[in-house]
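# Examination of the molecular architecture
Now for the letters of each chain:
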Amino acid sequence: MEAIYTTIIEKDITQRHQINDKRAFGNIAKFVASNIGSPLSPGNIAKILKQDGQSTHNTTVEKYLEYLVASYVFYKVNRFDLKGKKQLATQEKYYLVDVGLLNVLVGK
């Protein structure tokens, strides 16, 4: 599973999209994996990375999340609310495609 994840990250995402900050990209993937099913927004992830000493803009975080979803590592589930007002909030939930990838990212 580690080899599959490394192949997806190294070849499919970082080379294709020319990602220079691989540490931030990896940390974003690990953070989203450890918060499966929780509402997340790129702004909140950027704030948490800033507290960790990494200055990554929320638009960069949003692009990285799009890359992970486009490469089928994560599925994005949009917010649903019957009243409609909360649907405009940018807090989606992310789920991993395979539980084995969760074990690789979280370190089990």
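Residues numbered from 1 in each chain as written. Predicted model: local features only at pLDDT ≥ 70, side-chain atom pairs only at ≥ 80, totals over all residues. Heavy atoms only, no water.

### Describing the packing of aromatic side chains
A full pass over the atoms with the stated rule returns two aromatic pairs. Taking the centre distance of 5.2 Å and the plane angle of 85 degrees together, the rings of Phe 25 and Tyr 64 count as edge-to-face. Note that Phe 25 is positioned in helix α2 (residues 22–34) and Tyr 64 in helix α4 (residues 58–70), a separation of 39 residues in sequence. Like Tyr 64, Phe 25 is buried. Seen from their ring centres, Tyr 64 and Tyr 67 are 6.4 Å apart, and the 40 degrees between their planes marks the pair as tilted. In this pair, Tyr 64 and Tyr 67 both sit in helix α4, three residues apart, roughly one turn of the helix. The residues Tyr 64 and Tyr 67 share a single accessibility class, namely buried. Put simply, the rings of Phe 25, Tyr 64 and Tyr 67 pair up and form one aromatic cluster. (Phe/Tyr/Trp six-rings, centres within 6.5 Å; stacked < 30°, edge-to-face > 60°. Helix = DSSP H or I, 4+ residues; strand = E, 2+ residues; numbered from the N terminus. Buried < 20%, exposed > 50% of the residue type's maximum accessible area, 1.4 Å probe, protein only.)

### Brief notes about the nonpolar core
Ranked by size, the top nonpolar core spans 24 residues in total, and within it Ile 28, Val 32, Ile 45, Leu 68 and Phe 74 carry the most contacts. At the level of elements, α1 (2–14), α2, α3 (42–51), α4, β2 (93–96) and α5 (99–106) are the ones that each hand at least two residues to this core. Beyond its immediate stretch of four places on either side in the chain, Phe 74 contacts Ala 29, Val 32, Ala 33, Ile 36, Leu 68, Val 69, Tyr 94, Tyr 95, Leu 96, Val 97 and Leu 105. (Core = buried A, V, L, I, M, F, W, Y, C linked by side-chain atoms within 4.5 Å. Contact = heavy atoms within 4.5 Å.)

### A few points about the side chain of Thr 56
Inspection of the secondary structure assignment puts Thr 56 in the loop between α3 and α4. Relative accessible area serves as the criterion here: at 10%, Thr 56 is assigned to the buried category. Setting aside residues up to four positions removed in sequence, Thr 56 forms contacts with Asp 21, Ala 24, Ala 46, Leu 49 and Val 61.

### Some points on the confidence of the model for the chain
The predicted model of the chain averages 84 in pLDDT, with 89% of residues at 70 or higher. Of all helices and strands in the chain, the one with the weakest mean pLDDT is α5 (82), whereas α4 scores best (92). (pLDDT = per-residue confidence, 0-100.)

### Regarding the environment of Ile 8
Within the element layout of this structure, Ile 8 appears in helix α1. Considering only alpha carbons, one finds Ile 8 and Ser 71, 63 residues apart in sequence, at a separation of 7.6 Å. Leaving out residues up to four positions away in the same chain, Ile 8 has contacts with Ile 13, Ser 71 and Val 73.

### As for the packing of α2 against α3
Where α2 meets α3, the axes come as close as 11 Å, and the angle between the chain directions of the two elements is 115 degrees. Where α2 crosses over α3, the handedness of that crossing is right-handed. In contact with Asn 27, Ile 28, Phe 31 and Val 32 of α2, α3 contributes Ile 45, Ile 48 and Leu 49. When its residues are assigned to classes, the contact of α2 with α3 shows six nonpolar, one polar and no charged. (Axes fitted to C-alpha atoms, helices over the stretch in contact; angles between N-to-C directions. Left-handed = near helix turned anticlockwise from the far one by under 90°. Nonpolar A, V, L, I, M, F, W, Y, C, P; charged D, E, K, R; others polar.)

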